[in-house]
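# Residue-level structure breakdown
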Amino acid sequence: MTKDIFSNQYWEKAWEDDPNTQDKRMKRAGLGDPSAPGFEKWAENFNKNSFTEESQHRTKRIMNWIEQQTGRFSNLSVLDVGAASGVFSVPFAKEGAKVTALEPSPILHDMLKDNANHYGVTLKTLNQSFEDAQLEELGQHDLVFASMCPAVTTWEAVSKAIDIAQKFVYVSLIAGPK
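Residues numbered from 1 in each chain as written. Predicted model: local features only at pLDDT ≥ 70, side-chain atom pairs only at ≥ 80, totals over all residues. Heavy atoms only, no water.

### Some words on the overall build of the protein
Across its full length, the protein holds eight helices and five strands. Going residue by residue from the N terminus, the α and β elements of the protein occur as α-α-α-α-β-α-β-α-β-α-β-α-β. Taking as baseline every contact in the protein between residues at least 6 positions apart, the subset at least 24 positions apart corresponds to 64%. As presented, the protein carries roughly 10,700 Å² of accessible surface, and 51% of it is formed by carbon and sulfur atoms. (Helix = DSSP H or I, 4+ residues; strand = E, 2+ residues; numbered from the N terminus. Contact = heavy atoms within 4.5 Å. Areas by Shrake-Rupley, 256 points an atom, 1.4 Å probe, with all protein chains shown as cover.)

### Re a nonpolar patch on the surface
Together, I5, F6 and W11 line one region of the surface with nonpolar side chains, adding up to about 380 Å² of accessible area. The topology assignment puts I5 in the segment before α1 (8-17). (Patch = residues over 30% accessible without salt bridge, like charges linked within 9 Å, V, L, I, M, F, W, Y side chains within 5 Å. Salt bridge = Lys/Arg side-chain N within 4 Å of Asp/Glu carboxyl O.)

### A short note on the nonpolar core
Here is a general trend for soluble globular proteins: nonpolar side chains tend to be buried in one another's company. Grouped together as the largest cluster of nonpolar side chains are 23 residues, with contacts concentrated most on I66, V78, F92, V99, L143 and F145. Aside from chain neighbours lying at most four places away, what touches V78 is F92, A97, K98, V99, T100, H141, L143 and F145. Ranked by size, the runner-up nonpolar core spans 17 residues in total, among them V152, A161, I164 and A165. (Core = buried A, V, L, I, M, F, W, Y, C linked by side-chain atoms within 4.5 Å. Buried < 20%, exposed > 50% of the residue type's maximum accessible area, 1.4 Å probe, protein only.)

### Concerning the side chain of S172
Relative to the elements of secondary structure, S172 occurs in strand β5 (residues 165-172). Among the polar contacts made by the side chain of S172, one reaches the side chain of S147 at a distance of 3.2 Å. Residue contacts for S172: discarding those within four places in its chain leaves A146, S147, M148 and C149. (Polar contact = N/O pair within 3.5 Å; in protein donor to acceptor, adjacent residues only side chain to side chain.)

### Description of unusual backbone geometry
Of note in the backbone geometry, A84 takes a positive phi value of approximately 55° without being a glycine. Turning to its location among the elements, A84 is positioned in the loop between β1 (77-81) and α5 (89-94). With phi around 55°, M148 is a residue other than glycine that occupies positive phi space. With respect to the helices, strands and loops of the structure, M148 is situated in the loop between β4 (141-147) and α8 (155-164).

### Concerning the side chain of S89
Mapping S89 onto the fold places it in helix α5. Not counting chain neighbours up to four residues away, the residues in contact with S89 comprise D80, A83, V99, A101, L112 and L123.

### Some points on the pairing of β4
When you tally the buried positions in β4, you get seven out of seven residues, the bulk of the element. When β1 meets β4, the two strands line up parallel, connected through three bridges. What sits directly across from V78, in β4, is L143. Where β4 and β5 come together, six bridges link them in parallel fashion. Across the sheet, the residue bridging to L143 is F168, located in β5. For the crossover from β4 across α8 to β5, the handedness is right-handed. (Pairing = 2+ DSSP bridges. Right-handed = clockwise from strand over helix to strand, strands pointing away.)

These values are about where atoms sit, not about what they do.
What follows is the structure, encoded as structure tokens:
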């Protein structure tokens, strides 16, 4: 039997049947909850490491690849899902994109606003989860971007990102063991 790898149903079933998707692994490990003990310390370390030279090199490499696919960032509307402290939102805005940064953690959301101010960029920030946000309030964007974001690890979330995107969707997840 030949499987239709070009159908949404094929990939939705593959995603749902895989016991090792990131969301299922995180749930088994009890991770991803901003109210969990130690989250604030993790967020502080994440923020500190997000704007190092090494991290910015990684960010630039990913942005260069996206720019090759999309064209210029200038005036591109971007929804950064799970923006954290702005590791991508800030550089997108520096390149002229109109960025809406969605971050559910109040701690990371405050860091995101501080980083936008520090780097002199304008962002629209929303302190809410992608799962709870309604399509109408998020609007349409040229690019929906989610890098290592636990909110975009289910097929339902990927479908939602596709519905929001006018042109492009970028989702990256951990490909294997660290």
